[in-house]
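Chain by chain, the residues:
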Amino acid sequence: MAPPLTAVPERLLTALRQAQRVAVLTGAGISAESGVPAFRDAQTGLRSKYDAQELATPEAFLARPRLVWDWYLFRRGLVERAAPNRGHESLARFPEIFADFTLITQNVDGLHQRAGQRDVIELHGNIFDTLCFDERRLVSDVRDDGKAPPRCDCGSLLRPGVVWFGESLPGPALSRAEAAARGCQVFFSIGTSSLVHPAAGLPLIAKRSGALLVEINPTTTPLTTSADHVLSGPAGQVLPQLLQHLEAFRG
Ligand code: BV8
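Presented here is a report on the structure given in the accompanying data block. (Residues numbered from 1 in each chain as written. Predicted model: local features only at pLDDT ≥ 70, side-chain atom pairs only at ≥ 80, totals over all residues. Heavy atoms only, no water.)

1. Re the overall build of the protein chain
Each helix and strand counted, the protein chain has ten helices and eight strands in total. Relative to a compact globule of 251 residues, whose C-alpha radius of gyration would be 18 Å, the protein chain shows 19 Å and is just as compact. Viewed in the frame of its principal axes, the protein chain has a C-alpha envelope of about 60 × 40 × 30 Å. Of all 251 residues assigned to the protein chain, the portion counted as buried reaches 53%. Per element, the accessible surface of the protein chain, about 11800 Å² overall, is 52% carbon and sulfur. (Helix = DSSP H or I, 4+ residues; strand = E, 2+ residues; numbered from the N terminus. Rg over C-alpha atoms; globule rule 2.2 N^0.38 Å. Buried < 20%, exposed > 50% of the residue type's maximum accessible area, 1.4 Å probe, protein only. Areas by Shrake-Rupley, 256 points an atom, 1.4 Å probe, with all protein chains shown as cover.)

2. Re the packing of aromatic side chains
A complete count under the given rule lists seven aromatic pairs for this structure. Positioned over the ring face of tryptophan 71 is arginine 75, at 4.6 Å from the centre of the ring. The ring of tryptophan 164 carries arginine 159 above its face, with NZ or CZ at 3.9 Å from the centroid. (Phe/Tyr/Trp six-rings, centres within 6.5 Å; stacked < 30°, edge-to-face > 60°. Lys NZ or Arg CZ within 6 Å of the ring centre and 35° of its normal.)

3. Describing the sheet that holds strand β3 (residues 120–122)
Read from one edge of the open sheet, six strands run β3-β2-β1-β6-β7-β8, paired in parallel fashion. With partners counted over all chains shown, the strands left at the sheet margins are β3 and β8 (229–231), one partner each. In this sheet, adjacent strand axes meet at a mean angle of 20 degrees when their direction is disregarded. On top of the sheet, helix α1 (residues 10–18) reaches β6 (186–190), β7 (212–216) and β8; it is set at about 115 degrees to β7, its chief contact. Packing against the sheet, helix α8 (residues 171–183) makes contact with β1 (21–26), β2 (100–105), β3 and β6, and its axis sits at approximately 120 degrees to β3. (Pairing = 2+ DSSP bridges. Axes fitted to C-alpha atoms, helices over the stretch in contact; angles between N-to-C directions. Contact = heavy atoms within 4.5 Å.)

4. Some thoughts on α1
By the burial criterion, the buried members of α1 are Leu12, Leu13 and Leu16. Buried residues along α1 cover an arc of 100 degrees about the axis, so they all sit on one side. For α1, exposure combined with an orientation more than 90 degrees from the buried face picks out Arg11 and Gln18. (Arc of directions from axis to C-beta.)

5. Notes on the layout of surface pockets
Counted as a void, the second largest pocket has a volume near 240 Å³. Around the second largest pocket, the lining comprises 17 residues; the ones closest to its centre are Gly125, Asn126, Gly161, Val163 and Pro170. Element by element, the count of residues in the lining of the second largest pocket is highest for strand β4 (residues 125–132), at four residues. Per-class residue counts for the lining of the second largest pocket are seven nonpolar, five polar and five charged. (1 Å grid on protein atoms, 1.4 Å probe; cavity = no way out; pocket = protein on both sides within 12 Å on 5 of 7 lines; lining within 4 Å. Points joined across faces, edges and corners; volume = space filled by probe spheres on them. Nonpolar A, V, L, I, M, F, W, Y, C, P; charged D, E, K, R; others polar.)

Keep in mind these numbers describe shape, not what the thing actually does.
What follows is the structure, encoded as structure tokens:
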């Protein structure tokens, strides 16, 4: 029995009927229903000792390279065993509905791409990418000799291709995301605690630029009071229902 349709305010549906330019920012919450623990819960087994925010830094990696490398191997395994959920799949249909659609994610799990979303802006990189720590270039042929972490041919340590705290986001990705926030008519913030910057600033850039701001999250966040509409609930339920509304009036 499908849950009742999420009540979507008529004012929001009217705006979506007329919108051409729509942007979405997702966070760890959209992968929760795929069984991928949110960032802060991802250090299962390490939870008692370390805080994710402390591990996800270059300093932590240089101090404890094996610990941090193994943590990312552990998380890669979690994601490999996960599948995109109906929230990811619904968003992958949005480009068919809106002429100019932009998907921006803070997530590093690649689940949007596995759900068929094209042109995903990954603000924080991708957990399956591996970089040379010193050269910062992508390394594809990783020879893991069991001594974690493996080394680059140049002798430097290899690291996961994600953006750590204290590191700048990829310039092109951030510029494209900021341009989409400035130019859109409706901006969705989905499954994010709105705590990590500069990603957390994007919804406010959109609002200041005149966009309608919609938050989808089962709990409140620092963004909630700024949102024009809040659809309280899990993305895996709310998004398929929103899509149903959108497809109904788009015929
Ligand atoms: C930088 C990759 C320049 C690694 C990550 C301005 C103000 C304050 C601080 C700063 C600022 N500017 C910069 C900072 C410092 C810092 C920062 O933001 N600190 C905060 C925490 C205080 N930012 C940085 O360092 C950034 N770099 O700005 O460079 C610079 C350089 C030097 C000094 C200063 C500035 C880099 C940030 C990127 C860090 N890397 N990830 C990895 O994954 O291992 S961030 C990491 O945490 C995740 O990628 C994710 O983005 C973030 C967690 O956030 P969420 O995605 O929101 O997930 P969370 O678990 O928090 O929340 C889940 C939400 O989902 C909840 O709200 C929950 O209710 C909801 N939910 C649950 N279930 C569902 C659901 N929603 C829908 N459906 C469901 N079913």
